[in-house]
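Residue-level structure breakdown
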Amino acid sequence: MKTQDGQWIDQFEGLKRLPNDLRAALTTGSQLVDVPEGTAVFEPGQSADNLLLLLDGTVRVQQKSDTGREVFLYRVHAGESCVLTTACMLAFEHYAADGVAETDVRAVAIPRATFDDLAGRSPVFREFIFKAYSRRITDLFTLIDDIVFRRMDVRLAARLLELADGDVVYATHQVLGTELGTAREVISRTLSEFQRRGWIEQRRGEVRLTGRAALDRLARSAGER
């Protein structure tokens, strides 16, 4: 279905300054889509035909190596676009990673024709695209730095705090390993040490944080060295 009155545009800070004629072009040239939880939004080898702007929900972007190891890259939240899709659309390349709906997702799909038209005509739209691209590239460099240089216990403490819903992280050891680009066994050993110190309690499919202050100190310790 069409995006109707275009009020969704104001959810995206970089698009608020679009003049009325381009707001209308964006509204009429895009459509609302609903993606159920667990659905593949895109897959390796697939062409990038639509830029998705998320209104609700979360999309997880991850890459799988030739050996089958999965590495988490980033999440796209409401009010954001997927930078990998942007890159693929600009370069006319196919996807090299997976995007999966972690929750039910509602998004605006901007097809290539509308994307190309607005990117060519509107400095505001171009700025929106490239600012998001720049922020995400910075995040990916930080991810590389984390994987190469930061200790696993520090990274795991930070990710537990980030993923916690209240004081509970609903994730298996395998999922946490994928989040941090390491083996499940490494996560299990590190969590066992956290539990020995009284920082967490483990149950099937979840980790309860019982020592948030200690985890926070550990997570911050990398920046103090």
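As named in an unreviewed UniProt entry, the protein chain is Crp/Fnr family transcriptional regulator, taken from Roseovarius pelagicus.

This part is about the side chain of Arg159. Relative to the elements of secondary structure, Arg159 occurs in helix 5 (residues 152-163). Residue Arg159 is classed as buried on the basis of its relative accessible area of 12%. Within the structure, the side chain of Arg159 is placed 2.7 Å from the side chain of Glu179, a separation counted as a polar contact.

With respect to the helices, strands and loops of the structure, Thr86 is situated in helix 2 (residues 83-91). The class for Thr86 is buried, based on a relative accessible area of 3%. In this view, Thr86 contacts Leu51 and Ile129; residues no more than four positions away in its chain are not counted.

Counted by the stated rule, this structure contains 21 salt bridges. The salt bridge involving Arg23 is made with Asp10; its shortest N-O contact spans 3.3 Å. Note that Arg23 is positioned in helix 1 (residues 20-28) and Asp10 in the segment before helix 1, a separation of 13 residues in sequence. Since its relative accessible area comes to 18%, Arg23 is described here as buried. Its salt-bridge partner being Arg212, residue Asp167 comes within 3.1 Å of it at the nearest N-O pair. Of this pair, Asp167 sits in the loop between helix 5 and strand 8 (168-169) while Arg212 is found in helix 8 (residues 212-221), placing the two residues 45 residues apart along the sequence. For Asp167, a relative accessible area of 37% gives the class partly exposed. The class for Arg212 is partly exposed, based on a relative accessible area of 35%. Among the charged side chains, a salt-bridge network with shared partners connects Arg60, Arg75, Glu102, Arg159, Glu162 and Glu179.

The next point concerns the environment of Leu163. Its location among the elements puts Leu163 in helix 5. Owing to a relative accessible area of 25%, Leu163 belongs among the partly exposed residues under this scheme. Sequence separation of Leu163 and Arg17 is 146 residues, and the distance between their C-alpha atoms is 33 Å. Those residues within four positions of Leu163 in sequence are excluded, and the remaining contacts are Arg75, Val168, Val169, Leu176 and Glu179.

Another point: the UniProt feature "domain: HTH crp-type" (unreviewed entry) in the protein chain. The UniProt entry lists residues 150-213 under the feature "domain: HTH crp-type" (unreviewed entry), expressed in the numbering used here. Annotated as 55% helix and 16% strand, the span residues 150-213 places its first and last C-alpha atoms 20 Å apart.

This part covers the sheet that holds strand 10 (residues 206-209). Strand order in the open sheet made by the three strands is 8-10-9, with antiparallel pairing throughout. With one partner strand each, in any of the chains shown, strand 8 and strand 9 (200-203) form the two edges of the open sheet. Where strand 8 and strand 10 come together, two bridges link them in antiparallel fashion. Within strand 10, the position partnered with Val169 by the bridge is Val207.

Over its 13 residues, helix 7 (residues 184-196) extends 18 Å from the first C-alpha to the last, a length consistent with the 18 Å expected when each residue adds 1.5 Å. Those residues of helix 7 that sit buried are Ile187, Ser188, Thr190, Leu191 and Phe194. The secondary structure elements touched by the buried residues of helix 7 are helix 5, helix 6 (173-180), strand 9, strand 10 and helix 8. One or two positions beyond helix 7, positive phi appears at Gly198, with a value near 85°.

Trp8, Leu15, Leu53, Val61, Leu84 and Phe125 are the most contacted members of the largest nonpolar core, which totals 42 residues. Those residues in contact with Leu15, other than ones at most four positions away along the chain, are Trp8, Ile9, Arg23, Leu26, Leu53, Phe125 and Phe128. Judged by nonpolar contacts, the second largest core, of 22 residues, contains Met152, Ala157, Leu160 and Leu191.

By secondary structure assignment, the location of Ala164 is in the loop between helix 5 and strand 8. Separated by 60 residues in the primary sequence, Ala164 and Asp104 have C-alpha atoms spaced 19 Å apart. In this structure Ala164 touches Val169, Leu209 and Arg212, once residues within four positions along its chain are discounted.

Conventions and cut-offs
Residues numbered from 1 in each chain as written. Predicted model: local features only at pLDDT ≥ 70, side-chain atom pairs only at ≥ 80, totals over all residues. Heavy atoms only, no water. Helix = DSSP H or I, 4+ residues; strand = E, 2+ residues; numbered from the N terminus. Buried < 20%, exposed > 50% of the residue type's maximum accessible area, 1.4 Å probe, protein only. Polar contact = N/O pair within 3.5 Å; in protein donor to acceptor, adjacent residues only side chain to side chain. Contact = heavy atoms within 4.5 Å. Salt bridge = Lys/Arg side-chain N within 4 Å of Asp/Glu carboxyl O. UniProt positions renumbered as here; feature names shortened; annotations may be inferred. Pairing = 2+ DSSP bridges. Expected span 1.5 Å × (residues − 1). Core = buried A, V, L, I, M, F, W, Y, C linked by side-chain atoms within 4.5 Å.

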